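# Working through the structure, step by step
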Amino acid sequence: MLASLQRFRADERGFTLVESTFIMIILLLVMVNGSELQRYSIFARHLGQAAEGLAAVMGQRADALRDANWSDDARALYWLFPEAPALGGMQWRSLLGVQTSVVRFEPTDPECVGDCTYARARVVWTWDGGTAGSRALLQSNGLLRACGVVTPGSETPAPQSLPARLFKGGTLLAVTLAYDYKPAYPASVVGQRSLVREAYFVPPFGDLPINPFGLANEVSPCP
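Okay, so let's go over this structure. (Residues numbered from 1 in each chain as written. Predicted model: local features only at pLDDT ≥ 70, side-chain atom pairs only at ≥ 80, totals over all residues. Heavy atoms only, no water.)

## Thoughts on the overall build of the protein chain
Looking only at helices and strands, the protein chain features six helices and seven strands. Its helices and strands taken in sequence order, the protein chain reads α-α-α-α-α-β-β-α-β-β-β-β-β from the N to the C terminus. Within the protein chain, the fraction of its 223 residues that count as buried is 39%. For the protein chain, the proportion of contacts with a sequence separation of at least 24, taken over those separated by at least 6, is 67%. Of the roughly 12,500 Å² of accessible surface on the protein chain, 59% is carried by carbon and sulfur atoms. (Helix = DSSP H or I, 4+ residues; strand = E, 2+ residues; numbered from the N terminus. Buried < 20%, exposed > 50% of the residue type's maximum accessible area, 1.4 Å probe, protein only. Contact = heavy atoms within 4.5 Å. Areas by Shrake-Rupley, 256 points an atom, 1.4 Å probe, with all protein chains shown as cover.)

## Brief notes about the pattern of salt bridges
According to the stated counting rule, one finds eight salt bridges in the structure shown. A salt bridge links Glu198 to Arg145, with the shortest nitrogen-to-oxygen separation between them at 3.7 Å. Here Glu198, found in strand β6 (residues 193-201), pairs with Arg145, found in the loop between α6 (132-140) and β3 (149-153); they are 53 residues apart in sequence, far enough to count as distant. We note that Glu198, like Arg145, is buried. For the salt bridge of Glu155 with Arg165, the shortest nitrogen-to-oxygen distance reads 2.8 Å. Placement of Glu155 in the loop between β3 and β4 (161-163) and of Arg165 in the loop between β4 and β5 (171-181) is noted, with a sequence separation of 10 residues between them. The partly exposed category is assigned to Arg165, whose relative accessible area is 46%. (Salt bridge = Lys/Arg side-chain N within 4 Å of Asp/Glu carboxyl O.)

## What about unusual backbone geometry?
Phi at Leu208 is positive, roughly 55°, even though this residue is not glycine. As for its position among the elements, Leu208 is in the loop between β6 and β7 (219-221). When its relative accessible area of 1% is taken as the criterion, Leu208 is described as buried.

## A closer look at the side chain of Thr176
Tracing the sequence through the fold places Thr176 in strand β5. Under the relative-accessibility criterion, Thr176 is labelled buried at 1%. A distance of 2.4 Å separates a polar atom in the side chain of Thr176 from a polar atom in the side chain of Glu198. Sequence-distant contacts of Thr176, defined by excluding residues within four places in its chain, comprise Gly97, Val98, Gln99, Leu143, Arg145, Val196, Arg197 and Glu198. (Polar contact = N/O pair within 3.5 Å; in protein donor to acceptor, adjacent residues only side chain to side chain.)

## Observations concerning the packing of aromatic side chains
In the structure shown here, the tally under the stated rule is 10 aromatic pairs. Between the aromatic rings of Tyr40 and Tyr181, the centroid separation amounts to 5.1 Å while the plane-to-plane angle is 85°, which identifies the pairing as edge-to-face. Placement of the pair is Tyr40 in helix α2 (residues 12-58) and Tyr181 in strand β5, with a sequence separation of 141 residues. Taking relative accessible area as the criterion, Tyr181 reaches 0% and is therefore assigned buried. Consider the rings of Phe43 and Tyr181, whose centres lie 5.2 Å apart with planes at 85°: the pair is edge-to-face. With Phe43 in helix α2 and Tyr181 in strand β5, this residue pair connects regions lying 138 residues apart in the sequence. A network of ring pairs unites the aromatic residues Tyr40, Phe43, Phe81, Tyr179 and Tyr181 as a single cluster. Residue placement shows Arg193 over the ring face of Tyr40; its charged tip is 5.6 Å from the ring centre. (Phe/Tyr/Trp six-rings, centres within 6.5 Å; stacked < 30°, edge-to-face > 60°. Lys NZ or Arg CZ within 6 Å of the ring centre and 35° of its normal.)

## Side note on the nonpolar core
Core analysis: the biggest nonpolar cluster contains 32 residues, and Trp70, Leu96, Trp125 and Leu177 have the highest contact counts within it. Among the elements of the structure, α2, α3 (67-74), β1 (96-107), β2 (118-127), β5 and β6 are those that each provide at least two residues to this core. Grouped together as the second largest cluster of nonpolar side chains are 11 residues, Val103, Ala121, Ala174 and Cys222 included. (Core = buried A, V, L, I, M, F, W, Y, C linked by side-chain atoms within 4.5 Å.)

## Description of the environment of Glu198
The exposure class assigned to Glu198 is buried, which follows from its relative accessible area of 16%. When the C-alpha positions of Glu198 and Ala50 are compared, they lie 9.5 Å apart, and in sequence the two are 148 residues distant. Ignoring sequence-local partners within four residues, the contact set of Glu198 consists of Ala51, Arg145, Pro157, Leu162, Val175 and Thr176. Looking at Glu198, its side chain comes within polar contact range of the side chain of Tyr200, at 2.6 Å.

The structure is reproduced here in structure tokens:
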């Protein structure tokens, strides 16, 4: 056995075989991770576009709304974010955390009626997506928005803040999407992680009122 190993060591072809094997393994890992990074980038971009599309769809309603109206609108995600139904089949709605909230900005000086400054907003109502899976994803990512004051913050989605650049008065619809990304390859450097994207839309008809007699514990109207 030892003599065979010594002959293999002395044979340059043996070294070439070992080196080639290592190079092939490294190249394979590079290809796998390159493909995974591209896939993750596509998922992230599509989720952001889906949030923007859903905000535009939901923000156009003019009548007082019921829970069913939001669920009907959220079905548009089947086309806006095609990765979810492709991976989840009939249960695709449980793979997406969907949150819609309307906030009304309040002037720093309550008596201001002209060129005002705004340092906070108040949640008018908020909807948790209409499925147990949606609510669970929002909760696990610390995104579930409740009634109360919203203050200026960073671009990172958070339940009681919005990006400071948005504080300009009026009413705003915020749509938050959360998705648990799972890599296609176990060896991927990306790994499993949560993707969160948020989009904003100014409703052309004002506050988007809620019909209190048409709710099924999905929408939280705020006092």
